[in-house]
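What the coordinates show
Given next are the chains, with one letter for each unit.
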Amino acid sequence: MITIVHIIGIILTVGLLLAVSVFSGRKVKDARSFTTGGRAGSWMVCGAILGTLVGGQSTIGTAQLAFSFGLSAWWFTIGAALGALLLGIIYAGPLRRSGCSTLMEVVRKQYGRRAETVGSILFLIGIFISITSQLLSSSAMITSLFGLPLGAALAIGALLIAMLVFFGGIKSAGAGGIVKLALLYISSLAAGIAVWKIGNGLDGIRQSISALYETPQLAAMNDISSVEDIHRRYGTFLARGPLKDLGGCLSLTLGVVCTQTYAQAIWSAATTRKARRGAVYCAALIPLIGAACTLVGMYMRGHYVTAAEAAALQRAGESLPAGIGVLENSLQAFPTFILAHLPAWLGGIALGTLLINILGCGSGLVLGAATILTRDVYGNLLALLRRTPRLGQLAQTRLSIIVLLALGVAAAHFVRGSFINDLGFLSLGLRAAALLLPLSFALWLPGRFLPRAVTLSMITGTAVMLIAGLLHLPADPMYYGLVASAIVLLPAFKKH
């Protein structure tokens, strides 16, 4: 239950992060140069990548997935860490030597403006899915804190994200990013240490899950029929199958390479060595956050049921096991644990950090998507039709933000039963299916592919991945998207 101490902690933490962000943006020269490139140190690079890569999906989403599938939830942050490592070690040098400042500029430089426009539109799809997942994450926080229904929580989350965008947001660069990184890390590790202590380690957590599933109706609802089923589901890293779990990890790894936000951090570094070091720092830090959130989700599974499970038990004439609580849904696992099991002052700091991190990630995604929508979609359409815009650039962007958030709220309602991390796998996987091969060939094999073939491969890879996801084909949809992209692109290779 939320207390006045929690509320004070949340307000002070949010205020601190906003104040440091504003101060660093105005007063710290390095923070300003961070967004345009050239002066950032290794820790600033690390803070920029981790500050946007570790949002609601890596914390609330990981705990949610662990609530249902145990240790396999860790793959999300493992994939994110491998992506940061790949970006820093393999791609940092070529990106910085390209002379470009955006990934789409790399594409345009090699394949023309049409490829850039198509890539931007396809990117918009992936970004929109991430916006939806951030709205779901924010709704989980708001519902846990204030007990509001999903619709109201989503609307409030969208409003807060819009306000952050309009007021400049909280930046992941500079001092603001470093403070946010430190608080997020402290909060996650504090939760992990607490759950390890009160749960009596991993064995104790597993025992509590086994005890919960001694209730026959509850076990049947979750397709559990034996002790072996519990172990396979909660005690292994491939609970959803090797193709599913490893495919999701690969989607994160390759998708990080193909995301402008993370590449921008590489370009911002003072030297290539500092860019690589910052990415490696990030790769080392992310898995520990994922491990802590995974433990929290598993602990909550052993001590809580969802409202739907409680209702099913009641209909079957069974009562809840002794000492078992009820969550509105599994999304609330992480914030509920903080409220119930961390000291109020620390819980307030953790909740404030999570909230501002989720909203900050959401605001960055929305602003990026609005920019793509106004510049690369609407702007190019008007140019094609030879018409002048009726609204100014600022009005177009603000209207796009409102439209994107409204559509995001509607989409969040539609996918409210989904795992947040699965939305993250899909979002990053779509970016990889569209851009990985064109980007890589532009950096290492320039001039070897016809622009028309590159554009077609981007469209084909994205379309095939979406179809594979809708048809629920075996393995992760990204496999199909990458193969389809390669089939279209590779025959167009030109030998010099």
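Figured I'd write up the structure that's included with this text. (Residues numbered from 1 in each chain as written. Predicted model: local features only at pLDDT ≥ 70, side-chain atom pairs only at ≥ 80, totals over all residues. Heavy atoms only, no water.)

1. Remarks on the overall build of the protein
- Secondary structure assignment for the protein yields 22 helices and 2 strands.
- Taken against the 2.2 N^0.38 rule, which gives 23 Å for 496 residues, the C-alpha radius of gyration of the protein at 23 Å falls within 12% of a compact globule.
- Counting only C-alpha atoms, the protein reaches 70 × 50 × 45 Å along its principal axes.
- Across the 496 residues in the protein, those meeting the buried criterion constitute 57%.
- Long-range pairs, those at least 24 residues apart, make up 81% of the contacts in the protein with a sequence separation of at least 6.
- If you sum the accessible surface of the protein, you get close to 20500 Å²; carbon and sulfur atoms cover 67% of it.
- One way to put it: in the protein the 36 positive side-chain charges average out to a point 22 Å from where the 15 negative ones average out. (Helix = DSSP H or I, 4+ residues; strand = E, 2+ residues; numbered from the N terminus. Rg over C-alpha atoms; globule rule 2.2 N^0.38 Å. Buried < 20%, exposed > 50% of the residue type's maximum accessible area, 1.4 Å probe, protein only. Contact = heavy atoms within 4.5 Å. Areas by Shrake-Rupley, 256 points an atom, 1.4 Å probe, with all protein chains shown as cover. Lys, Arg positive; Asp, Glu negative; His and termini not counted. Charge placed at Lys NZ, Arg CZ, Asp CG, Glu CD.)

2. Focus: the side chain of Ser120
- As for its placement among the helices and strands, Ser120 is situated in helix 7 (residues 113-146).
- For Ser120, a relative accessible area of 2% gives the class buried.
- A distance of 2.9 Å separates a polar side-chain atom of Ser120 from the backbone oxygen of Glu116. (Polar contact = N/O pair within 3.5 Å; in protein donor to acceptor, adjacent residues only side chain to side chain.)

3. Overview of the side chain of Arg240
- With respect to the helices, strands and loops of the structure, Arg240 is situated in the loop between helix 12 (227-234) and helix 13 (242-257).
- With relative accessibility at 18%, the residue Arg240 sits in the buried group.
- Only 2.9 Å separates the side chain of Arg240 from the side chain of Asp422, close enough to count as a polar contact.
- In this view, Arg240 contacts Leu65, Phe69, Asp245, Phe419, Asp422 and Phe425; residues no more than four positions away in its chain are not counted.

4. Things to note about the packing of aromatic side chains
- Per the counting criterion, the structure on display carries 9 aromatic pairs.
- When the centroid spacing of 4.5 Å and the interplanar angle of 25° are considered together, the rings of Trp43 and Tyr281 count as stacked. Taken as a pair, Trp43 in helix 3 (residues 42-53) and Tyr281 in helix 15 (residues 272-303) lie far apart in primary sequence, 238 residues in all.
- Looking at Tyr281, the relative accessible area reads 26%, which means it is partly exposed. (Phe/Tyr/Trp six-rings, centres within 6.5 Å; stacked < 30°, edge-to-face > 60°.)

5. Describing helix 21 (residues 451-470)
- Helix length check: helix 21 (20 residues) gives 29 Å between terminal C-alpha atoms against 28 Å at 1.5 Å per residue, within 8%.
- For helix 21, the complete set of buried residues consists of Ala453, Val454, Thr455, Ser457, Met458, Gly461, Thr462, Met465 and Ala468.
- Contacts made by the buried residues of helix 21 are with helix 6 (103-111), helix 7, helix 20 (420-444) and helix 22 (477-489).
- Looking one or two residues past helix 21, His472 carries a phi angle of roughly 55°, positive in sign. (Expected span 1.5 Å × (residues − 1).)

6. Focus on the layout of surface pockets
- In this model, the second largest pocket occupies a volume close to 840 Å³.
- Residue lining of the second largest pocket: 25 residues in total, with Leu423, Leu426, Gly469, Leu470 and His472 positioned closest to the centre.
- When contributions to the lining of the second largest pocket are tallied by element, the ones reaching two or more residues are helix 7, helix 13, helix 19 (393-414), helix 20 and helix 21.
- In terms of residues, the lining of the second largest pocket owes the most to one element, helix 21, which gives 5 residues. (1 Å grid on protein atoms, 1.4 Å probe; cavity = no way out; pocket = protein on both sides within 12 Å on 5 of 7 lines; lining within 4 Å. Points joined across faces, edges and corners; volume = space filled by probe spheres on them.)

7. As for the environment of Gly368
- Inspection of the secondary structure puts Gly368 in helix 18 (residues 344-385).
- With relative accessibility at 28%, the residue Gly368 sits in the partly exposed group.
- It is 8.7 Å that separates the C-alpha atoms of Gly368 and Leu124, two residues lying 244 residues apart in sequence.

8. Overview of the environment of Ile90
- Within the secondary structure layout, Ile90 lies in helix 5 (residues 75-97).
- Using a relative accessible area of 39% as the deciding quantity, one classes Ile90 as partly exposed.
- Residues Ile90 and Arg276, 186 residues apart in the sequence, show an inter-C-alpha distance of 9.0 Å.
- Excluding anything up to four places from it in sequence, Ile90 contacts Leu85 and Trp444.

9. What about the pattern of salt bridges?
- Enumeration over the complete set of coordinates arrives at 6 salt bridges.
- Close ionic contact of Arg113 with Glu116 constitutes a salt bridge, the shortest N to O distance being 3.6 Å. Here the residue Arg113 and the residue Glu116 both occupy positions in helix 7, the gap between them amounting to 3 residues, near one helical turn.
- Look at Glu116 and you get buried, because its relative accessible area is 7%.
- Arg240 is the partner of Asp245 in a salt bridge, and the nearest nitrogen-oxygen pair spans 3.6 Å. The same class applies to Asp245 and to Arg240, which are both buried.
- If you follow the salt bridges from partner to partner, you end up with Arg108, Arg113 and Glu116 in one network. (Salt bridge = Lys/Arg side-chain N within 4 Å of Asp/Glu carboxyl O.)

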